[in-house]
Amino acid sequence: MSERRTGYVWDERYGWHDTGTYAGAIPAGGWVQPYHHFESPESKQRLAQLVAASGLERELAAIDARFATDDEILRVHTEEHLAYLQSQSDALRGGVCEDGISPIGHGSMEIARLAAGGVMEAVDAVIEGRVENAYALVRPPGHHATADAGMGFCMINNIAIAVAHARRVRGIERIAIVDWDVHHGNGTQDIFYEDPLTLTVSLHQDRCYPPDSGFLTERGRADGAGAALNIPLPPGSGRAAYLDAFERGVIPAVSAFQPELIIVASGYDASILDPLGRQMLTSATYRTMTARILELAEAHAGGRVVVVHEGGYSPAYVPFCGLAVLEELAGRSTDVMDPFAPFLEAMAGQELTNQQKALVDAVVKTLTNQPAPAFA
Ligand code: 9RB
Ligand code: ZN
């Protein structure tokens, strides 16, 4: 394992985006006792604390976040959306995104700006060569936010804003986004749907969220035809399904695209302990997927990789999955062994099933420009 210089973005204020007293995604009231929102600070704060406690943080290059400006946000989002978010965030008791279920705390817009700004800083550090790759541990997440609406716990699209920045300010043209959050990266796909220079690849659990996007047939439109790819894996998919999807789907698609930069939308909600997904990944598979991305980046993108944190709602397990990704990026190991691994890896369900293989077969067909087959 060769050691690499890896940038790391984390700001305490990411934990201060207040998602209030919901029960998961249901507002408290009636029979619903006030509890936490799914998208609470714990999983991300606990990853940051493990990065510090393990000693890995000392080996990383700290990158300071900054606030994204209106102009930077408006490269991607509409004036109406930005004004709406800002007014909800300025209200004393906060508000909610356009989908009616994604909370905005008082002052959350500033933290959303800090998240997008953190990703832009990570991209800048990689492009300038100050670091070889970077991990942006940011919050709130971004991949569901479209140009004109926040949804799925996302206010603004951190990665899309960073792509627009890399292009406008840094002159980077071809950018591939690989999204392994368990949910479809619909916002990012939508923003770049007609853009031939931004490849969006999303591996997700079929119709987990949103329920009406992420299908095999969505391959981009107009000039962007072919520059979107979806791999909607069935519930219950584990290591073998994800690695088959990588070998036969993600890797050929990204290789053919020849990106100058790879951005990973890294959610940990495909882990076997996640309450919002029904997939079976362990930290070992996140590590392996990161290694594959690094190989791809070495071959095509001068090693330039920025990993951006998205979802992941197991406060107990996200830290071990995230640390595995960070260790792999940095080419370093720590004394931390995933303490869940022996228990989780003894479970059945990691092998490739016929249904999972058939889905990847269908993806491969779309890559060779055959019309997407109907897939039930
Ligand atoms: C509920 C609804 C959601 C929305 C988003 C997520 C995951 C986001 C994520 C999960 C559940 C709606 C409970 C709509 O992690 N992205 O990466 N729930 N959505 N209506 N209701 C009643
Ligand atoms: Zn997710």
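Residues numbered from 1 in each chain as written. Chains lettered and ligands numbered in written order. Predicted model: local features only at pLDDT ≥ 70, side-chain atom pairs only at ≥ 80, totals over all residues. Heavy atoms only, no water.

Trainee: Account for helix H4 (residues 79-90), with residues named and values stated.
Mentor: Taking 1.5 Å of rise per residue, the 12 residues of H4 would be expected to cover 16 Å, and the 16 Å separating its terminal C-alpha atoms lies within 8% of that figure. The inward-facing, buried residues of H4 contact helix H3 (70-74), strand S5 (95-96), strand S6 (103-104) and helix H5 (108-127). (Helix = DSSP H or I, 4+ residues; strand = E, 2+ residues; numbered from the N terminus. Expected span 1.5 Å × (residues − 1). Contact = heavy atoms within 4.5 Å.)

Trainee: Outline the pattern of salt bridges, supporting the account with residue identities and numerical values.
Mentor: One pass over the structure, following the stated rule, counts 21 salt bridges. Residue Arg287 pairs with Glu328 through a salt bridge whose shortest N-O separation is 3.8 Å. Of this pair, Arg287 sits in helix H9 (residues 283-300) while Glu328 sits in helix H10 (residues 318-330), and the two are 41 residues apart along the sequence. Classification of Arg287 by relative accessible area gives partly exposed; the value is 28%. For Asp361, the salt bridge identified is with Lys357, shortest N-O distance 3.1 Å. Residue Asp361 and its partner Lys357 are both found in helix H12 (residues 354-367); the two are separated by 4 residues, about one turn of the helix. For Asp361, a relative accessible area of 26% gives the class partly exposed. A cluster of three or more residues bridged by salt bridges with shared partners is formed by Asp124, Glu128, Arg130 and Arg170. (Salt bridge = Lys/Arg side-chain N within 4 Å of Asp/Glu carboxyl O. Buried < 20%, exposed > 50% of the residue type's maximum accessible area, 1.4 Å probe, protein only.)

Trainee: Before we move on, can you summarise the packing of H9 against H10 with the specific residues and values?
Mentor: Their axes nearest at 8 Å, the elements H9 and H10 cross at an angle of 30°. With respect to their mutual orientation, H9 and H10 come out roughly parallel. Judged by the twist between their axes, the crossing of H9 over H10 is right-handed. For the pair H9 and H10, contact is made by Ser283, Tyr286, Arg287, Thr290, Ala291 and Leu294 and by Phe320, Cys321, Ala324, Val325, Glu327, Glu328 and Leu329, respectively. Class assignment of the residues belonging to the contact of H9 with H10 gives a composition of 8 nonpolar, 2 polar and 3 charged. (Axes fitted to C-alpha atoms, helices over the stretch in contact; angles between N-to-C directions. Parallel < 35°, antiparallel > 145°, perpendicular 65-115°, else oblique. Left-handed = near helix turned anticlockwise from the far one by under 90°. Nonpolar A, V, L, I, M, F, W, Y, C, P; charged D, E, K, R; others polar.)

Trainee: Residue-level account of the side chain of Glu72, with values.
Mentor: Relative to the assigned elements, Glu72 resides in helix H3. Side-chain polar atoms of Glu72 contact the backbone nitrogen of Thr69, separated by 2.9 Å. Contacts of Glu72, omitting those with residues within four sequence positions, involve Arg66, Phe67, Met120, Ile161 and His165. (Polar contact = N/O pair within 3.5 Å; in protein donor to acceptor, adjacent residues only side chain to side chain.)

Trainee: Just give me the short version of the packing of aromatic side chains, but keep the residues and values in it.
Mentor: One pair of aromatic rings is described through two measures. These are the centre distance and the angle between the planes. For the structure on display, the rule yields 7 aromatic pairs. Taking the centre distance of 6.2 Å and the plane angle of 90° together, the rings of Phe153 and Tyr313 count as edge-to-face. One end of the pair, Phe153, is in the loop between strand S7 (133-136) and helix H6 (158-170); the other, Tyr313, is in the loop between strand S12 (305-309) and H10, and 160 residues separate them in sequence. Assessed through its relative accessible area of 12%, Phe153 is described here as buried. Three or more aromatic residues link up through ring pairs in this structure, and these residues are Trp180, Phe246, Tyr268 and Tyr286. Cation over ring: Arg174 sits above Phe257, and NZ or CZ is 4.3 Å from the ring centre. (Phe/Tyr/Trp six-rings, centres within 6.5 Å; stacked < 30°, edge-to-face > 60°. Lys NZ or Arg CZ within 6 Å of the ring centre and 35° of its normal.)

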